[in-house]
Amino acid sequence: LKEEVVSASKEIAGKLDINAGDKVIKLARLRESDSQPIIWETSFIPFKICSRLIEEDLSGSLFSILEEKYGLKISDANASIEAMLADECIAEMLQIRKNQPVVKVEQVTYLSDGRAIQFVESFSRGDKYKYYVHRKRRNG
């Protein structure tokens, strides 16, 4: 939907472990299935790590581009998942009614060297999208 370079807010900077005001690439994307919107997401990526990303065709996998074109190795992520009701803006983007259930996910994705490469906030239609989680207990 939109690609632009913006200054990181204090919140975004904290998530990406950069300074407030540093440049970030902001990507707003709408993911569809059977021509219906199911996920609306906004990603923030540190400009200094991959400044030319804004020039790429981002209609496919963002992580594939980061790994294949920029040589970045994605390692892991921390995410929070919560149920909520769609406000007017979310409802309009996902073509649902206001107050319909949605799932909000906030995630920070890290590179193998520990740097944060992406903060993403996404909203998924509760009636069209399901999350699966595998959890494993660590020993020690």
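Residues numbered from 1 in each chain as written. Predicted model: local features only at pLDDT ≥ 70, side-chain atom pairs only at ≥ 80, totals over all residues. Heavy atoms only, no water.

## Let's talk about the packing of aromatic side chains
Rules: Any Phe, Tyr or Trp ring, taking Trp's six-membered ring, that has another such ring centre within 6.5 Å forms a pair; planes under 30 degrees apart are called stacked, those over 60 apart edge-to-face, and the others tilted. Any Lys NZ or Arg CZ that is within 6 Å of a ring centre and within 35 degrees of that ring's normal is treated as a charge sitting over the ring.
Tallied over the entire structure, the rule returns two aromatic pairs. One residue, Lys23, lies across the ring of Phe47, its end atom 5.1 Å from the ring centre.

## Thoughts on unusual backbone geometry
Applied cut-off: Helix and strand assignments follow DSSP, with helices taken as H or I runs no shorter than four residues and strands as E runs no shorter than two, numbered in order from the N terminus.
In this structure, Ser35 is a non-glycine residue whose phi angle is positive, near 65°. With respect to the helices and strands, Ser35 occurs in the loop between strand E2 (23-33) and strand E3 (36-46). A positive phi angle, near 55°, is found at Gln95, a position not held by glycine. Looking at the secondary structure, you find Gln95 in the loop between helix H3 (88-94) and strand E5 (101-111).

## Observations regarding the side chain of Glu106
We apply this condition: Polar contact is the term for a pair of N or O atoms within 3.5 Å; when the atoms are in protein, one must be able to donate a hydrogen and the other to accept it, and sequence-neighboring residues count only if both atoms are side-chain atoms. The contact criterion used throughout is that any non-hydrogen atoms of two residues lie within 4.5 Å.
With respect to the helices and strands, Glu106 occurs in strand E5. Among the polar contacts made by the side chain of Glu106, one reaches the side chain of Lys104 at a distance of 3.3 Å. Apart from residues no more than four positions distant in its own chain, Glu106 is found in contact with Lys15, Asn78, Ala79, Ser80, Phe119, Val120 and Glu121.

## Considerations on the nonpolar core
Defined as follows: Put simply, buried Ala, Val, Leu, Ile, Met, Phe, Trp, Tyr and Cys residues joined by side-chain atoms within 4.5 Å make one nonpolar core. When accessible area is computed with a 1.4 Å probe and restricted to protein chains, residues below 20% of their type maximum are described as buried, those above 50% as exposed, and intermediate ones as partly exposed.
Counting 14 residues, the largest nonpolar core has Ile45, Cys50, Leu53, Leu62, Leu66 and Ile117 as its most contacted members. Secondary-structure elements contributing two or more residues to this core are E2 and helix H2 (62-68). Ranked by residues supplied to this core, first place goes to H2 with three residues. The contact partners of Leu53, leaving out residues within four places of it in the chain, are Ile25, Ile45, Leu58, Leu62, Ile65, Leu66 and Tyr70. Counting residues in hydrophobic clusters, the runner-up holds ten residues, among them Ala13, Val108, Ala116 and Phe119.

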